[in-house]
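One-letter residues, chain by chain:
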Amino acid sequence: MDLYYRPGSAPCRSVLMTAKALGVEFDKKTIINTRAGEQFTPEYLKINPQHTIPTLHDHGFALWESRAIMVYLVEKYGKDDKLFPKDVQKQALINQRLYFDMGTLYKSFSEYYYPQIFLKKPANEESYKKIEVAFEFLNTFLEGQTYSAGEDYSLADIAFLASVSTFDVAGFDFKRYANVARWYEHAKKLTPGWEDNWAGCQEFRKYFDN
């Protein structure tokens, strides 16, 4: 089973932390330099015609979109279903959080920071407000809760940890969202592979330092 990824990418880091939590080892991990266009090589396009990262290649089966990969790893290689329970309502809540991470929280990061980092555009105030709205929602989800999707630690916490830690290195002050700050400190201690995730964050930090 091979993984194509980039260490600084939050979606890639969420897959790495999921694998760590499951005790899954990849046979091969290949870094794709998207800044150099390596995702457009004919070899890579055969595996993933959408040319995104991360991409999993499991004995001839190719899958991309990080949250789909996370669920796949649990359902195929998990010794139990704790990270993604078979209970329909518990699973549905985790899915909602994963979609929220993809379509609202992490999307707000990419829409605000990526134009500044990669296109050298000025900060957009309206995009910044979307970050604040996303964190307000997350803060509400965590009101009175130890974990982000119900009573137990799950894939939702791993996905959110990858995203929130990226906001952390970007310098976004989320300590004003008390529930998020409390959850973040707990999730860092609980999540296998946190150290590797943070090392990937430091890799991403160079874009802000520059």
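This text follows the structure it describes.
The present account deals with the structure reproduced in this document.

Procedures and definitions
Residues numbered from 1 in each chain as written. Predicted model: local features only at pLDDT ≥ 70, side-chain atom pairs only at ≥ 80, totals over all residues. Heavy atoms only, no water. Helix = DSSP H or I, 4+ residues; strand = E, 2+ residues; numbered from the N terminus. Buried < 20%, exposed > 50% of the residue type's maximum accessible area, 1.4 Å probe, protein only. Polar contact = N/O pair within 3.5 Å; in protein donor to acceptor, adjacent residues only side chain to side chain. Contact = heavy atoms within 4.5 Å. Phe/Tyr/Trp six-rings, centres within 6.5 Å; stacked < 30°, edge-to-face > 60°. Lys NZ or Arg CZ within 6 Å of the ring centre and 35° of its normal. Axes fitted to C-alpha atoms, helices over the stretch in contact; angles between N-to-C directions. Parallel < 35°, antiparallel > 145°, perpendicular 65-115°, else oblique. Left-handed = near helix turned anticlockwise from the far one by under 90°. Nonpolar A, V, L, I, M, F, W, Y, C, P; charged D, E, K, R; others polar.

What follows concerns the side chain of Thr55. Its place among the elements puts Thr55 in strand β3 (residues 55–58). A relative accessible area of 0% means that Thr55 is categorised as buried. Of the polar contacts made by the side chain of Thr55, one reaches the backbone oxygen of Thr52; its length is 3.1 Å. Those residues in contact with Thr55, other than ones at most four positions away along the chain, are Asp2, Leu3, Tyr4, Tyr44, Ile47, Asn48, Leu63, Trp64 and Ile69.

What characterises a pair of aromatic rings is the spacing of the ring centres plus the angle enclosed by the ring planes. Throughout the structure, instances matching the rule amount to 30 aromatic pairs. Aromatic side chains Tyr4 and Tyr44 sit 5.6 Å apart centroid to centroid with 70 degrees between the ring planes, which places their arrangement in the edge-to-face category. Here Tyr4 is found in strand β1 (residues 2–5), whereas its partner Tyr44 is found in helix α2 (residues 42–47), with 40 residues between them in sequence. Summarising the burial analysis for this pair, Tyr4 and Tyr44 share the class buried. Where Tyr147 meets Tyr153, the ring centres are 6.1 Å apart and the plane angle is 75 degrees; that geometry is what we call edge-to-face. Exposure remark for Tyr147: the relative accessible area of 16% places this residue in the buried category. The cationic tip of Arg97 hangs over the ring face of Phe141; the distance from NZ or CZ to the ring centre is 4.1 Å. Against the face of Phe174 rests Lys175, its NZ or CZ located 6.0 Å from the ring centre.

Our focus in this paragraph is the packing of helix α4 (residues 88–118) against helix α5 (residues 125–141). As a packed pair, α4 and α5 sit with axes 8 Å apart at the nearest point and diverge in direction by 150 degrees. The angle between the axes of α4 and α5 places the two elements in the roughly antiparallel class. For α4 against α5, the interelement crossing comes out left-handed. Only Ser127, Tyr128, Lys130, Ile131, Ala134, Phe135, Phe137, Leu138 and Phe141 of α5 make contact with α4, whose side of the interface consists of Gln96, Arg97, Phe100, Thr104, Leu105, Ser108, Phe109, Glu111, Tyr112 and Tyr113. Taken together, the residues of the contact of α4 with α5 sort by class into 12 nonpolar, 4 polar and 3 charged.

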